[in-house]
Amino acid sequence: MAQAVEEWYRQMPIITRSYLTAAVVTTVGCTLEYEIWRLVTNFLYFRKMDLDFLFHMFFLARYCKLLEENSFRGRTADFFYMLLFGATVLTGIVLIGGMIPYVSETFARILFLSNSLTFMMVYVWSKHNPFIHMSFLGLFTFTAAYLPWVLLGFSILVGSSTWVDLLGMIAGHVYYFLEDVYPRMTGRRPLKTPSFIKALFADDNVVVAQAPNAGVGVDDLRLR
């Protein structure tokens, strides 16, 4: 069992493995009242180790991995830049929202954006794979294009805050529009990865055509 878990962990691509490791270590450290949180950012702390934490670790491990191995295969620098862009957008939204009357108190209560960044990756993946058939806990089926909305509805049902999910959807849509829609409309790509970030990663420059149903099965969200 331990060997299987280790093999699964080692087979993850570098950014997915690094992000998952940092998130688990940070949350466990804070739960045990260590002060490791002082060394990391709010994008790595997932609060309490409860069911919500397990769900987000599942989303992080699966959708971060799927994006890195498929949509961003051979483009590690671009994937890292996507996460950096998302973190910047989320921070900007919270800072600006905190200055707007009537909603400033709501944004002031948003102290951690780890869930939002994870939800952004789910949103981007759903945009890249809109026709994949999925099942939510075996209760009903839908296409991946509706995955963010299904998860948003689930958050409402369990009484979780929907603000963090909505922020992730907003950041994901901004990225998707600027990276995929706007270039097709104008021929210009405003989110071109800076050269200094490309220099940090040794990409193999391989571009793989993704099949319409690649990456996930019908029972993707069914707990086993």
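So, how was this worked out
Within any chain, residue numbers begin from 1 and follow the written order of that chain's sequence. Totals for whole chains, interfaces and linings use all residues, but because this is a predicted model, local features are given only for residues with pLDDT of at least 70 and pairs of side-chain atoms are given and counted only at 80 or more. With hydrogens and water set aside, each side-chain value is computed from the structure's full complement of heavy atoms. In DSSP terms, a helix is any run of H or I states spanning at least four residues, a strand is any run of E spanning at least two, and both are numbered starting from the N terminus. Exposure categories follow from relative accessible area, calculated using a 1.4 Å probe and restricted to protein chains: below 20% of the type maximum is buried, above 50% is exposed, and the middle band is partly exposed. Any two residues having at least one pair of non-hydrogen atoms within 4.5 Å are treated as being in contact. The Shrake-Rupley method, run with a 1.4 Å probe sphere, supplies the accessible areas, and residue values consider only the shown protein chains as cover. UniProt positions are given in the numbering used here, feature names are shortened, and annotations may be inferred rather than shown by experiment. Throughout this description, the term nonpolar core refers to a set of buried Ala, Val, Leu, Ile, Met, Phe, Trp, Tyr and Cys residues connected via side-chain atoms within 4.5 Å.

## As for the overall build of the protein chain
No. 1: Looking only at helices and strands, the protein chain features 9 helices and 2 strands.
No. 2: When the helices and strands of the protein chain are placed in sequence order, the string is α-α-α-α-α-α-β-β-α-α-α.
No. 3: Counting every position in the protein chain, which comprises 224 residues, the buried fraction comes to 42%.
No. 4: Sequence separation of at least 24 residues holds for 66% of the intrachain contacts in the protein chain that already meet a minimum separation of 6.
No. 5: Here the protein chain displays about 12800 Å² of accessible surface, and carbon together with sulfur accounts for 63% of that area.

## Section: the UniProt feature "transmembrane region" (unreviewed entry) in the protein chain
No. 1: Under the present numbering, the feature "transmembrane region" (unreviewed entry) in UniProt falls on residues 19-37, 79-100, 106-125, 137-157 and 163-182.
No. 2: In the segment residues 137-157, helix accounts for 52% and strand for 19%; the C-alpha atoms at its two ends are 14 Å apart.
No. 3: With 100% helix and 0% strand, the stretch residues 163-182 has end C-alpha atoms that lie 26 Å from each other.

## Quick notes on the nonpolar core
No. 1: Judged by nonpolar contacts, the single largest core of 56 residues is most densely connected at Phe79, Met82, Met121 and Trp125.
No. 2: Only helix 2 (14-31), helix 3 (51-71), helix 4 (76-97), helix 6 (114-128), strand 1 (133-136), helix 7 (147-157) and helix 8 (163-186) provide two or more residues apiece to this core.
No. 3: Ranked by residue count, the leading element in this core is helix 4, at 11 residues.
No. 4: The contacts of Met121, once residues within four sequence positions are left out, are Tyr19, Leu60, Cys64, Leu67, Phe79, Met82 and Leu83.

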